[in-house]
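What follows is each chain in one-letter form.
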Amino acid sequence: MNKKLNLLIIIFLLLGPILDVTSFLGLPFSILVRSIFLIGIILYLLWYKKSLKLLIPLLAFGLVNLLYQYLYLKSGMVTSISASLKFLYLPVSILFFNAYQVDTNKDKLLLTVLITYLSIYLLSYVFKIGADAYLPTDGKSGFKGLFSSINEFSAIIVGLLPISLTYLKKKEKCLLFIFVLLASIGSSLLIGTKVLMGGILFTVFYLLYQERDKLFFKKSKKGKIMIIGILIISIICGSVLFTKTRTYQNMVIQNSFFKVDKILSLDFVNKVIYNDRLSFLSDNYQYFKSQNIIKILFGIGLTDNKVKMVEIDIFDIIFRYGVIGFITFIIPIISSIKWKNIRKVDRISLLLFLIISLTSGHVLIYPAVSIYIAFIQKKEIEVGDKFENRNRNYSL
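Residues numbered from 1 in each chain as written. Predicted model: local features only at pLDDT ≥ 70, side-chain atom pairs only at ≥ 80, totals over all residues. Heavy atoms only, no water.

## Some words on the overall build of the protein chain
Counting its regular elements, the protein chain contains 18 helices and two strands. Computed over C-alpha atoms, the radius of gyration of the protein chain comes to 22 Å, within 12% of the 21 Å expected from 2.2 N^0.38 for 396 residues, which places it in the range of a compact globule. Oriented by its inertia axes, the alpha-carbon framework of the protein chain measures out at about 70 × 60 × 40 Å. Taken across its 396 residues, the protein chain has 47% of its residues classed as buried. A separation of at least 24 residues holds for 72% of the contacts in the protein chain among residues at least 6 apart in sequence. Once the 46 positive and 22 negative side-chain charges of the protein chain are each reduced to a mean point, those two points are 4 Å apart. (Helix = DSSP H or I, 4+ residues; strand = E, 2+ residues; numbered from the N terminus. Rg over C-alpha atoms; globule rule 2.2 N^0.38 Å. Buried < 20%, exposed > 50% of the residue type's maximum accessible area, 1.4 Å probe, protein only. Contact = heavy atoms within 4.5 Å. Lys, Arg positive; Asp, Glu negative; His and termini not counted. Charge placed at Lys NZ, Arg CZ, Asp CG, Glu CD.)

Here's what the structure looks like:
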């Protein structure tokens, strides 16, 4: 049983990129497979009586939310089920991965997932298969390939990159390290989003900071001066090259569209950096507080189109699932994630996921992304190097 379950979990995690492609193609496999996985881990937790104090309130709200959206908000059965599954995915997955010891090399598995995402994306560009990220009327440029959401794709790449590059550096796999880094940069240049480029830069600076003694502090005085000079030249050249990228051009178009005059202003941050999400936040708040007590407690639902979703996850959870939904969602996550037991590089990845959830969204209640958050924070952090198990044949 454990061997088969272990193998199924590994296969499911590796299938993430393929499931996202089927979603783009309009096939139902993504929703079906991810739903089956969620139901399966719920049954596992119930059968073995794991984390029931946190699980039962989650399941209770998930059921209430389904009935509430279907009967009260008239959202339709499929939409109501989908909303409840999205709500449950991250907290239930965290509870499961903390309860079940997956026998696999976590870093190697996540690296495989990352390479698969990057390979599918770049090959779709080379063979001109896929779609543009923006409508012609938007004026922006960007290629999303065979993935339906560039936000989710970008979040996954950014979140998995620190772990993957750190693992490759540790294993001294230089060629693969260079390939992954260049493939990520290439994808960023093609997509044209701030999130992906910013995440890659953050990861590069993090890796350089990890090697600060070797690269700077242990150098001679002349060596330090040379390093500072190289750094200054790199910043200047990087700034010039940035103005040639799709990301910069899209920001210019965004700025022109909103007619923002001052760069150092809240208006610039909102409309160019946040894509006007802070305005959506204000609209959602005003609309939400005007609702009756039932909607304040249980949310306005995912299908209410009177206000656009904020796309800042924490606020979308509050407004769409209500005050009770937000409390039910956040408590098991805070209670289950043991920050002190998590490796430094895993903390960096989790921090990047959190930052993205607070800027462009599409993280916490989106199964394609949230499953990797749950897997990264799992307690058996040294599986690949120190954890020995008789099921090793089923590991990566």
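Still to come is the rest of the account.
## Some points on the side chain of Q69
Position of Q69 among the secondary structure elements: in helix α4 (residues 52-72). Using a relative accessible area of 1% as the deciding quantity, one classes Q69 as buried. Among residues more than four places away in sequence, those in contact with Q69 are K74, S75, S80, A83, G301, L302 and Y321.

## Some details on the environment of Y366
Summarising the element assignment, Y366 is placed in the loop between α17 (344-357) and α18 (367-376). A relative accessible area of 12% means that Y366 is categorised as buried. Along the chain, Y366 and S154 lie 212 residues apart, while their C-alpha atoms are 13 Å from each other. For Y366, the contacting residues outside a window of four places in its chain are K86, E152, M309 and D313.

## Considering the packing of helix α6 (residues 106-126) against α18
In the contact formed by α6 and α18, the axes pass within 11 Å of each other and the chain directions differ by 160°. Relative to α18, the element α6 is oriented roughly antiparallel. α18 is crossed by α6, and the crossing has left-handed handedness. Taking contact as the criterion, the partners of K106, L109, L110, V113 and Y117 in α6 are, on α18, Y372, F375 and I376. Partitioned by chemical class, the residues of the contact of α6 with α18 number seven nonpolar, no polar and one charged. (Axes fitted to C-alpha atoms, helices over the stretch in contact; angles between N-to-C directions. Parallel < 35°, antiparallel > 145°, perpendicular 65-115°, else oblique. Left-handed = near helix turned anticlockwise from the far one by under 90°. Nonpolar A, V, L, I, M, F, W, Y, C, P; charged D, E, K, R; others polar.)

## A closer look at a nonpolar patch on the surface
A cluster of nonpolar side chains, namely L63, L67, Y70, L71, M77 and I81, defines an oily patch on the protein surface of about 540 Å² accessible area. Counting residues per element, the ones that place at least two in the nonpolar patch are α4 and α5 (77-99). Considering every element that reaches the nonpolar patch, the biggest residue donor is α4, with four residues. Note on placement: I81 falls in helix α5. Classification of I81 by relative accessible area gives partly exposed; the value is 35%. (Patch = residues over 30% accessible without salt bridge, like charges linked within 9 Å, V, L, I, M, F, W, Y side chains within 5 Å. Areas by Shrake-Rupley, 256 points an atom, 1.4 Å probe, with all protein chains shown as cover. Salt bridge = Lys/Arg side-chain N within 4 Å of Asp/Glu carboxyl O.)

## Comments concerning unusual backbone geometry
Of note, K128 is a non-glycine position whose phi angle comes to about 55°, a positive value. As for its position among the elements, K128 is in the loop between α6 and β1 (131-132). Classification of K128 by relative accessible area gives exposed; the value is 62%. Positive phi is not limited to glycine here, since N275 has a value of about 55°. Examined against the element boundaries, N275 turns out to sit in the loop between α13 (266-273) and α14 (277-289).

## Observations concerning the nonpolar core
I9, L13, V92, F97 and Y372 are the most contacted members of the largest nonpolar core, which totals 88 residues. Listed in part, the nine residues of the second largest apolar core include Y274, L281, Y287 and I300. (Core = buried A, V, L, I, M, F, W, Y, C linked by side-chain atoms within 4.5 Å.)

## Some details on the packing of aromatic side chains
The full count for this structure, using the stated rule, is 23 aromatic pairs. Ring geometry for Y44 and Y48: centres 4.7 Å apart, planes at 45°, overall tilted. Centre to centre, the rings of Y117 and F147 are 5.5 Å apart; their planes meet at 35°, and the pair counts as tilted. In this pair, Y117 sits in helix α6 while F147 sits in the loop between β2 (143-145) and α7 (150-170), placing the two residues 30 residues apart along the sequence. Put simply, the rings of F12, F37, Y44, Y48, F96, F97, Y100 and F375 pair up and form one aromatic cluster. (Phe/Tyr/Trp six-rings, centres within 6.5 Å; stacked < 30°, edge-to-face > 60°.)

No statement about biological role is implied by the geometric values presented.
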